Amino acid sequence: MPYIALTAVIGILFLQASGAIPPGSVGGPMVIALAVFVGALAVGVHDAWTRKRGVLGWIVNIVVVLAGVFLIAPLGGLVMTMLLGPFVQGSSSLAVAGGAVMAAALAGTMLVTLAGCWGALWVVNKWR
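Residues numbered from 1 in each chain as written. Predicted model: local features only at pLDDT ≥ 70, side-chain atom pairs only at ≥ 80, totals over all residues. Heavy atoms only, no water.

Re the packing of helix α1 (residues 2–17) against helix α5 (residues 99–127)
Logical step 1: At a closest axis distance of 9 Å, the pairing of α1 and α5 adopts a crossing angle of 145°. With respect to the hand of their crossing, α1 and α5 are arranged in right-handed fashion. On the side of α1, the interface is formed by I4, A5, A8, V9, I12, L13 and Q16, while α5 contributes G99, M102, A103, L106, A107, M110, L111, L114 and W118.
Logical step 2: Taken together, the residues of the contact of α1 with α5 sort by class into 14 nonpolar, 2 polar and no charged. (Axes fitted to C-alpha atoms, helices over the stretch in contact; angles between N-to-C directions. Helix = DSSP H or I, 4+ residues; strand = E, 2+ residues; numbered from the N terminus. Left-handed = near helix turned anticlockwise from the far one by under 90°. Contact = heavy atoms within 4.5 Å. Nonpolar A, V, L, I, M, F, W, Y, C, P; charged D, E, K, R; others polar.)

Laid out in structure tokens, this is it:
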């Protein structure tokens, strides 16, 4: 679990450092969303693999994780914007501000989203 979170945060920070996330277009949020979805799928696959689920269990895990991403990722972004908004000096958004503020927002959003996915899987695993 911590390895997935660490790898996902390092991956999204690498995307930002390499310039793969453009700050002023639609492509930036799409790259961020793709990175978050890949991290969430890793959580679902890891849970299904370690608990030796059958085919139906794998499908349920992936559906639950994707539902968790759709519900939690916007909340994670909102929380990071509220927390880091005061540190944006003269910019209209965190993406335009860039630098350490954007890196912290990306890492925080990834961590909140992955925690939400693990929480969704925890709830479903309690029902099984």
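Some points on the nonpolar core
Logical step 1: I12, I32, V43, L106, M110, L114 and C117 are the most contacted members of the largest nonpolar core, which totals 22 residues.
Logical step 2: Put simply, the parts of the chain that give this core at least two residues each are α1, α2 (27–50), α3 (55–84) and α5.
Logical step 3: Examining the composition of this core, we find that 8 residues originate from one element, α5, more than from any other.
Logical step 4: Those residues within four positions of M110 in sequence are excluded, and the remaining contacts are A8, V9, I12, A35 and V36.
Logical step 5: Among the nonpolar cores identified, the runner-up in size contains 5 residues, and M80, L84, V88 and A105 belong to it. (Core = buried A, V, L, I, M, F, W, Y, C linked by side-chain atoms within 4.5 Å. Buried < 20%, exposed > 50% of the residue type's maximum accessible area, 1.4 Å probe, protein only.)

Focus: a nonpolar patch on the surface
Logical step 1: Taken together, V55, L56, I59 and V63 make up a surface patch of nonpolar side chains, about 420 Å² in accessible area.
Logical step 2: For V63, the position within the fold is in helix α3. (Patch = residues over 30% accessible without salt bridge, like charges linked within 9 Å, V, L, I, M, F, W, Y side chains within 5 Å. Areas by Shrake-Rupley, 256 points an atom, 1.4 Å probe, with all protein chains shown as cover. Salt bridge = Lys/Arg side-chain N within 4 Å of Asp/Glu carboxyl O.)

Looking at α2
Logical step 1: Here α2 contains 24 residues, and its C-alpha end-to-end distance of 34 Å stays within 8% of the 34 Å for a straight helix at 1.5 Å per residue.
Logical step 2: What α2 keeps buried is the set G28, I32, A35, V36, G39, A40, V43, G44, D47 and A48.
Logical step 3: Those residues of α2 hidden inside the fold are in contact with α1, α3 and α5.
Logical step 4: Taken from the residues just after α2, K52 is the one with a positive phi, measuring 50°. (Expected span 1.5 Å × (residues − 1).)

Looking at the pattern of salt bridges
Logical step 1: Following the criterion strictly, the structure yields 1 salt bridge and no others.
Logical step 2: The residue D47 makes a salt bridge to R51 at a minimum N-O spacing of 2.7 Å.
Logical step 3: The exposure class assigned to D47 is buried, which follows from its relative accessible area of 9%.
Logical step 4: A residue is classified by how much of its surface remains accessible, and R51, at 47% relative accessible area, is partly exposed.

Examining the UniProt feature "transmembrane region" (unreviewed entry) in the protein chain
Logical step 1: Sites flagged by UniProt as "transmembrane region" (unreviewed entry) map to residues 29–46, 58–84 and 96–124.
Logical step 2: Segment residues 29–46 splits into 100% helix and 0% strand. End C-alpha atoms: 26 Å apart.
Logical step 3: For residues 58–84, the end-to-end C-alpha separation is 37 Å, with 100% helix and 0% strand making up the annotated structure. (UniProt positions renumbered as here; feature names shortened; annotations may be inferred.)

What about the packing of α3 against α5?
Logical step 1: Viewed as axis vectors pointing N to C, α3 and α5 meet at an angle of 145°, and their least axial separation amounts to 7 Å. Note on packing geometry: the crossing formed by α3 with α5 is right-handed. Between α3, through V60, N61, V64, V65, G68, V69, I72, A73, G76, G77, M80 and L84, and α5, the contact on the second element is made entirely by V101, A104, A105, G108, T109, V112, T113, G116, C117, A120, L121 and V124.
Logical step 2: Considering only residue class, the contact of α3 with α5 consists of 16 nonpolar, 8 polar and no charged.

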